[in-house]
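Residue-level structural notes
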Amino acid sequence: MFTRKAVIFAGLVLSLLLSACSGAAATPAASIAKEPIPTETPAPVEGEPTLVPFTASGPATCTVQSVLPELDPTQQAMFPAITEKDHRLGEASALVTFMEYSDLQCPYCAQLEPVLTQLYQDYPEDVSLIFRHFPLSIHDKSVLAGQAAEAAAVQGKFFEMKDALFAAQAEWGALSAEEFSAYAKEKAKSLELDVDQFAADLESDAVKAAVQQGLDEAMKIGIPGTPFLIINGRPYQGPRDYNSLEAILRLIRLGDRQFKECPEMAIDPAKTYTATFKTTQGDIVVELFAKQAPFAVNSFVFLAENGWFDDIIWHRVMPGFVAQAGDPSGSGYGGPGYAFSNEVTPELRFDTAGILGMANAGPDSNGSQFFITMAPQPALDGQYTVFGKVISGMDVVEKLTPRDPAAGGELPAGDKILTISITEQ
């Protein structure tokens, strides 16, 4: 129901071959397992809801849990290390490296290029782009196009030629090989290259070898098609739109903010705690149930006092169901660096609007994400920790901008939580 999977690409599952140019001789490369975001909202309950019996949990336990999984050495070894010979845009020290095996005549590759370019332009200090050739035999001029980019690289304009060829793919796709050579020379002229040198390099053994090396590497690895994207050494087979890739970038950036250990118990379960959410729509005041859910409340107070919730969005708002937040990356997959088990008790249920619960991907995976119910949700009883209830500002919850990341496409910006302050009595 609610996922806070501590794996970078979790929930972004989509088969690469559904939207890729495919090489018949290739065999599938290893990929990262993913878990889709559930999209179903429980059906409305007619009449009196049936209470589902469940047993109270024991005290919560907590473990350190990074947002990024460890790199698989075997998987990482499949891909040749990045060297100075690679075509790179951005700094080697960049936080996120997008490496692609690509074909200049592949239409899906042409769709990906402006997305990667925009990410680099928007995050120049955080993003590095690596391009590697994988010219497929199904495209009659993919090798020639690769040679044109390599010939431009001799004069320091690989990316300029690559971008120009991708942008004009519809113009040269139907040309003969001879016509393409003349076309490429005109592109070289427009890029202010030495056209005579470009023409000589276009057919040189060194340029041909560079393209062939990329092809040989890709075939040896068993890459199934193009574009094939690798993010920080991990093969990525999810959606390649800007929003999805930016979400991954923001999730990686979140790693620097994560805590390295579970929070110490600092609250007194015998005391009363309230949380005031200052949002762009107004204030929401929540009573926290420290007695029944001490670990969840202690974690929430710890994160609030450390600014974890400051200036973050309500990333999932589904009217009639829940409003969800708690992930500074805004992706829906971010966590604080630790995870803890459920604290459930039959006396606390999701029996009305305004119940504050912990979001999780399983009973031992609570972190920083939480939700507020917008209607009774008895189907959630026993599966998620109830740790508070709205006592003021439910009208603000109802005004939050609807937003469902699982629906895909362009999403509204989302309303923000500006700060969460805690009062102890």
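Residues numbered from 1 in each chain as written. Predicted model: local features only at pLDDT ≥ 70, side-chain atom pairs only at ≥ 80, totals over all residues. Heavy atoms only, no water.

1. Description of the packing of helix H3 (residues 142–154) against helix H6 (residues 177–190)
Spelled out, the test is: For helices, the axis comes from a line fit to the C-alpha atoms of the stretch in contact; other axes are also lines fit to C-alpha atoms, and the angle between any two N-to-C directions lies between 0 and 180 degrees. The numbering of helices and of strands both runs from the N terminus, where a helix is a DSSP run of H or I of at least 4 residues and a strand a run of E of at least 2. Orientation labels follow simple angle bins: below 35 degrees gives roughly parallel, above 145 gives roughly antiparallel, 65 to 115 gives roughly perpendicular, and whatever is left gives oblique. In this scheme the crossing of two helices becomes right-handed for a clockwise turn of the near helix relative to the far one and left-handed for an anticlockwise turn of less than a right angle. We call two residues in contact whenever any of their non-hydrogen atoms come within 4.5 Å of each other.
Between H3 and H6, whose axes approach to 11 Å, the crossing angle comes to 20°. On the basis of their axis angle, the class for H3 and H6 is roughly parallel. Pair H3 / H6 crosses with right-handed handedness. In contact with Leu-144, Ala-145 and Ala-148 of H3, H6 contributes Ala-177, Phe-180 and Ala-184.

2. A short note on the packing of aromatic side chains
Threshold: Geometry of aromatic contacts follows a simple scheme: Phe, Tyr and Trp rings, the Trp one being its six-membered ring, pair when their centres are within 6.5 Å, and the pair is stacked under 30 degrees between planes, edge-to-face over 60, tilted otherwise. When accessible area is computed with a 1.4 Å probe and restricted to protein chains, residues below 20% of their type maximum are described as buried, those above 50% as exposed, and intermediate ones as partly exposed.
Under the definition given, this model contains 18 aromatic pairs. Ring geometry for Phe-295 against Phe-340: centres 4.9 Å apart, planes inclined by 45°, an arrangement best described as tilted. Within this pair, whereas Phe-295 is found in helix H10 (residues 294–305), its partner Phe-340 is found in strand S14 (residues 338–340), the two being separated by 45 residues in sequence. Per residue, the accessibility class of Phe-295 equals that of Phe-340, and both read buried. Members of the aromatic cluster, connected to one another through ring pairs, are Phe-277, Phe-300, Phe-309, Trp-314, Phe-370 and Phe-387.

3. Here's the deal with the nonpolar core
For clarity, the cut-off: For our purposes a nonpolar core is just a set of buried Ala, Val, Leu, Ile, Met, Phe, Trp, Tyr and Cys residues, chained together by side-chain atoms within 4.5 Å.
Grouped together as the largest cluster of nonpolar side chains are 41 residues, with contacts concentrated most on Phe-277, Leu-288, Trp-314, Phe-370 and Phe-387. Per-element accounting of this core gives the leading share, seven residues, to H10. The contact partners of Phe-387, leaving out residues within four places of it in the chain, are Glu-287, Leu-288, Phe-289, Ala-293, Ala-296, Val-297, Phe-300, Leu-356, Gly-357, Met-358 and Phe-370. Grouped together as the second largest cluster of nonpolar side chains are 26 residues, Ala-149, Phe-159, Leu-193 and Leu-202 included.

4. Digging into the sheet that holds strand S5 (residues 127–133)
Counted only if it meets this: What makes two strands pair is DSSP finding at least two bridges between them.
Overall, mixed pairing links the five strands, which are arranged S3-S5-S4-S7-S8 in an open sheet. One side of each edge strand has no neighbouring strand; the edge strands of this open sheet are strand S3 (87–89) and strand S8 (234–236). Strand-to-strand twist of the sheet, defined as the mean angle between neighbouring strand axes without regard to direction, takes the value 25°. Sheet analysis places S3 next to S5, joined by three bridges and oriented antiparallel. Note that in S5 the partner of Arg-88 across the bridge is Ile-130. Across the sheet, helix H4 (residues 158–167) lies against S3, strand S4 (96–102) and S5, angled at about 70° from S5, the strand it touches most.

5. As for the sheet that holds strand S11 (residues 312–313)
Here nine strands make up an open sheet; going across it, the order is S11-S18-S9-S10-S17-S15-S16-S13-S12 and the pairing antiparallel. Each having just a single partner strand, S11 and strand S12 (316–318) make up the two edges of the open sheet. The pairing of S11 with strand S18 (residues 416–424) spans two bridges and is classified as antiparallel. Across the sheet, Ile-312 pairs through a bridge with Ile-417, a residue of S18. With respect to the sheet, H10 is in contact with strand S9 (273–279), strand S10 (282–288), strand S15 (355–358), strand S16 (370–373), strand S17 (386–392) and S18, its orientation differing from that of S18 by roughly 120°.

6. Describing the state of the cysteines
Covalently bonding the sulfur atom of one cysteine to the sulfur atom of another cysteine gives a disulfide. Quick reminder of the rule: Counting rule for disulfides: a pair of cysteine sulfur atoms within 2.5 Å.
Enumeration according to the criterion identifies one disulfide in this entry. Across a sulfur-sulfur distance of 2.1 Å, Cys-62 and Cys-262 are joined as a disulfide pair. Residues Cys-62 and Cys-262 share a disulfide whose torsion about the S-S bond is about -90°; that sign makes it left-handed. One end of the pair, Cys-62, is in strand S2 (residues 62–64); the other, Cys-262, is in the loop between helix H9 (242–254) and S9, and 200 residues separate them in sequence. Note on Cys-62: relative accessible area 22%, which makes it partly exposed. What makes Cys-262 partly exposed here is its relative accessible area of 22%. The structure places no disulfide on Cys-109, whose sulfur is separated from the nearest cysteine sulfur, that of Cys-106, by 3.0 Å. Residue class for Cys-109 comes out buried when judged on its relative accessible area of 0%.

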